[in-house]
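An overview of the molecular structure
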Amino acid sequence: MAAPIILRLKGVKKKFGDFTALHGIDLEIEEGEFFTIVGPSGSGKSTIIRLLVGMDDLTEGEISLRGNRIDQVPANLRPTCMVFQSLALFPHRSVGENIEFPLKIRGVAPAQRKERAIELLDLLRLPREFYGKRIQQCSGGEKQRVALARALAFDPEILFFDEPLSALDYRLRKTLEKELKDLHERTGKTFVYITHSLEEAMVMSDRIAIMRAGRFEQIATADEIYARPVSRFVAEFMGEVNLFDVHGTPNGGLVGKGIELHVNGVARDYGLDLGPEARFTMMVRPESLRFLPAGETADIILQGVLTAQYALGSRIQYNVETASGVQITVEKLREDAFGGGIGDAVVLGFDIDSTHLIGGE
Ligand code: ADP
Ligand code: MG
């Protein structure tokens, strides 16, 4: 990652009256990056984007684009463009007129405008006949593509997206996630994307920032966030995950709190000091747990009873309750399905290598 920094935020703070929505954000985004900010509702995602495009003023701090301060530059003079959740297209106009709108404002001649609109239709893989089609006659997915084409007609240096897919149905969302990733690759532009769905972020992004109450909790690649979340908050944001409170033992092992979980000596260097006072959260993903047949073993073994199972398409999710009442989630591919049924006693196993320790409880 040696690309130059296109966008830099230094100590960016935003207050609404007494309420601090952003607590001094520092961030560097690289040229051509697909950077996604993920966080629950109210964490400050839209506030950041509004400051970046100039729809709102910051309280403190600096925003620079290629090293030049832009935080005092009016929105219409910033080389950035925003794609909203609500599309803000002109419903009674044609697709072509909508795409050409930014060019018309800039005084580009009609012939050139049309040429560019056709190029953008091609780029978005929309049929050229759509040029004359009314927006009202387009489906939700087509409108989204038109809105993207129009945003690109501005030829912005950075495209900002504030939850553009959240109003669409699941299947269309999945399709457009892949199209956006593909569009990012084809245009080479810098994309800054906001979503409350980490799954959506993971499909598309080079790097992800996890936001919590006006601060970044972790900024890393999707793989890093998935395998090594820095906090319980980040781990839980990713959907199903098993988290156990553990503490160190004098012999360098780990003991679970409220669960029959013992590890004597630790086969892997967690890069943490495992003294008897140490408190951690141990994370293990549902897919890393195995149902152990008699005679098979694993680094960590838990006994329990199967309490529920759910078909998730290609996978099956199981809930297991241990003797001490701890709920555990297991996921298996269909071909590795557990043969038994609800109420069966089961033995679960997982290996130290498939765990991750988070500092603090
Ligand atoms: P997100 O986009 O992550 O859901 P927002 O950035 O919209 O969150 O909002 C972050 C916090 O700032 C919320 O608590 C919200 O109520 C508050 N907020 C946003 N805009 C304003 C405003 N104009 N006046 C007062 N509070 C605001
Ligand atoms: Mg928002």
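The structure we're discussing is the one just above.
Now for a description of the structure that goes with this document. Quick caveat: nothing in here was measured; it's all calculated off a predicted structure.

1. Description of the packing of helix 2 (residues 95–105) against helix 3 (residues 110–123)
Here helix 2 crosses helix 3 at 120°, and the two axes come no closer than 9 Å. Regarding the angle of helix 2 to helix 3, the classification is oblique. As for the relative orientation of helix 2 and helix 3, their crossing is right-handed in sense. In this structure, helix 2 contributes V95, I99, E100, L103 and K104 to the contact, and helix 3 contributes R113, K114, R116, A117, L120 and L121.

2. Focus on the pattern of salt bridges
As enumerated under the stated definition, the model contains 26 salt bridges in all. A salt bridge links R207 to E33; the nearest nitrogen and oxygen atoms lie 2.5 Å apart. Taken together, the positions of R207 in strand 9 (residues 207–212) and E33 in the loop between strand 2 (19–30) and strand 3 (34–38) put the pair 174 residues apart, joining distant regions of the chain. Grouping residues by exposure puts R207 and E33 together as buried. Its salt-bridge partner being D155, residue K189 comes within 2.7 Å of it at the nearest N-O pair. One end of the pair, K189, is in the loop between helix 5 (170–187) and strand 8 (190–195); the other, D155, is in the loop between helix 4 (140–153) and strand 7 (158–162), and 34 residues separate them in sequence. For D155, a relative accessible area of 49% puts it in the partly exposed group.

About the thresholds
- Residues numbered from 1 in each chain as written.
- Chains lettered and ligands numbered in written order.
- Predicted model: local features only at pLDDT ≥ 70, side-chain atom pairs only at ≥ 80, totals over all residues.
- Heavy atoms only, no water.
- Axes fitted to C-alpha atoms, helices over the stretch in contact; angles between N-to-C directions.
- Helix = DSSP H or I, 4+ residues; strand = E, 2+ residues; numbered from the N terminus.
- Parallel < 35°, antiparallel > 145°, perpendicular 65-115°, else oblique.
- Left-handed = near helix turned anticlockwise from the far one by under 90°.
- Contact = heavy atoms within 4.5 Å.
- Salt bridge = Lys/Arg side-chain N within 4 Å of Asp/Glu carboxyl O.
- Buried < 20%, exposed > 50% of the residue type's maximum accessible area, 1.4 Å probe, protein only.

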